[in-house]
Amino acid sequence: MNFKIAGTGSATPKLVVSNDDLARVVETDDEWIVTRTGISTRHVLSTETLTELAVTASRRALEAAGVTASELDLIIGATTKHDYQVPALACVVQAELGAPGAPAFDVNFGCTGFVGALDIAARYFETGGATRAVLIICAEALTRYVDWTDRATCVLFGDGAAAVVLTPGSSLLATHIHARGNPDPLHALAPTGNSPYSQNSEEHPYIEMNGREVFKFAVTNLCSDVTKVMEQARVMPEEVDLFLVHQANKRIIEAARERLGQPPEKFPTNIERYGNTSAASIPLLLDELVRAGKIEDDALLACAAFGAGLISGAALIRM
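In this text, all values refer to a predicted model and were calculated from it rather than measured experimentally.

Asker: So what about the overall build of the protein chain? Which residues, and what values?
Answerer: Broken down by element type, the protein chain carries ten helices and 13 strands. Based on the C-alpha atoms only, the size of the protein chain along its principal axes is roughly 50 × 50 × 35 Å. Relative to its full complement of 319 residues, the protein chain shows a buried share of 55%. For the protein chain, long-range pairs separated by at least 24 residues make up 76% of all intrachain contacts whose partners lie at least 6 apart in sequence. As presented, the protein chain carries roughly 13,900 Å² of accessible surface, and 49% of it is formed by carbon and sulfur atoms. Averaging the positions of the 26 positive and the 39 negative side-chain charges in the protein chain gives two centres separated by 3 Å.

So, in structure tokens, the structure goes:
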């Protein structure tokens, strides 16, 4: 016994920033961005808070699942940065939802956060730590942490939140998570504060990325992780209905698809409209597909992601 996905929800900022808008901020243009990333627009926090998005996404997921906040046994937040250093996003969402008593904590798997949170939730169900429902909320605001003078990174990211409600079931067929500890290719340094006893930096800790190295890691591990979960579940690639992969770069997605030998229709995308929303990208895509009626009952999904760490992972799920 592990879980089934009972409901999904998502929320994005109202402000939509196009590539032409970015061209007025940094030296770039629409053709340059689309050719290298596949991104045309992204949603950026302006008047909203990330907490507001997270709560909205959570409420939509709860409503879709027919579950009340009081029935939650556990809330897991998957985020790299949110509105507070402390407390956890999960605790802030818990307070807003009115779900007292349930354990609530965050995990930082980078962009692999959704897959990592699914793996943790499954173990709670399997050991009896969760018996009714678990809320996973993935929320990211990485546009706050990019250098808006660096066209190599500022064009990539968007903000958003997405949530799933899990109830007891047997939908998770396999998971695999892999870490290759190396912060250099993708990282953002923490603020140093103003302690008189430590060396402090005046430099803002922007996201820094070695795009070439991340690309190689992403394609290699997307394919190997998906292959491992299919082998664990004794599933052939042609049996998978959809591959929901981290929406980081259209070229990465295409390279992985070709290496796996699967048709384009099995790799839906929304990166062109949202950019890279980190941990929120897979559940945001999942919610869109569910609400559009594009995922049938009993569909087999392979979810795979990669991110800072370097961390990658995959999950095979029967809807």
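Asker: Which residues make up the layout of surface pockets, and what values go with them?
Answerer: Roughly 460 Å³ of volume is contained in the largest pocket. Lining the largest pocket are 27 residues, and of these Ala 152, Leu 156, Met 209, Gly 211 and Asn 249 sit closest to its centre. Looking at which element gives the most residues to the lining of the largest pocket, the answer is helix α7 (residues 211-233), with four residues. Residues of the lining of the largest pocket, tallied by class, amount to 14 nonpolar, seven polar and six charged. Empty space within the second largest pocket amounts to approximately 330 Å³. Thr 80, Asn 108, His 187, Ala 188 and Ala 308 are, among the 18 residues lining the second largest pocket, the residues nearest its centre. Looking at which element gives the most residues to the lining of the second largest pocket, the answer is strand β9 (residues 186-188), with three residues. Each residue belonging to the lining of the second largest pocket can be placed in one class, and the counts come to eleven nonpolar, six polar and one charged.

Asker: Any details on helix α8 (residues 250-260)? Residues and values, ideally.
Answerer: Among all positions in α8, only Ile 252, Ile 253, Ala 256, Arg 257 and Leu 260 are buried. Summarising the axial view, the buried residues of α8 lie within an arc of 130 degrees, below the 170-degree limit, and thus occupy one face. Structural note: α8 exposes Glu 258 and Arg 259 on the side pointing more than 90 degrees away from its buried face. Buried residues belonging to α8 abut α7, β11 (242-245) and β12 (300-307). A side-chain oxygen of the first residue of α8 lies 2.7 Å from the backbone nitrogen of Arg 251; this N-cap is Asn 249.

Thresholds, definitions, all that
- Counting of residues starts from 1 at the beginning of each chain's written sequence and follows it residue by residue.
- Owing to the predicted nature of the model, reporting of local features is limited to residues with pLDDT of at least 70; listing and counting of side-chain atom pairs is limited to 80 or more, with chain, interface and lining totals taken over all residues.
- To get the side-chain values, take all heavy atoms of the structure and skip hydrogens and water.
- Runs of E in the DSSP output that reach at least two residues are strands. Runs of H or I that reach at least four are helices, and both are numbered from the N terminus.
- Relative accessible area decides the class of each residue, using a 1.4 Å probe on protein chains only: under 20% of the type maximum gives buried, over 50% gives exposed, and in between gives partly exposed.
- Whether two residues are in contact is decided by their heavy atoms, any of which lying within 4.5 Å being enough.
- Surface accessibility follows the Shrake-Rupley procedure with a 1.4 Å probe radius. Residue values consider only the protein chains on display as shielding.
- Charge counting treats Lys and Arg as positive and Asp and Glu as negative, with His and both chain ends excluded.
- A charged residue contributes its charge at one atom only: NZ of Lys, CZ of Arg, CG of Asp or CD of Glu.
- Using protein atoms alone on a 1 Å grid, points that fit a 1.4 Å probe yet trap it form a cavity, whereas open point sets bounded by protein on both sides within 12 Å along at least five of seven lines form a pocket; residues with an atom within 4 Å of a point count as lining.
- Grid points are joined across faces, edges and corners, and a volume is the space filled by probe spheres set on the points.
- Ten residue types, Ala, Val, Leu, Ile, Met, Phe, Trp, Tyr, Cys and Pro, are classed as nonpolar, four, Asp, Glu, Lys and Arg, as charged, and the remainder, Gly among them, as polar.
- Arc definition: directions from the helix axis to the C-beta atoms.
- N or O atoms closer than or at 3.5 Å make up a polar contact, with two conditions inside protein: a donor-capable atom paired with an acceptor-capable one, and, for residues adjacent in sequence, both atoms drawn from side chains.

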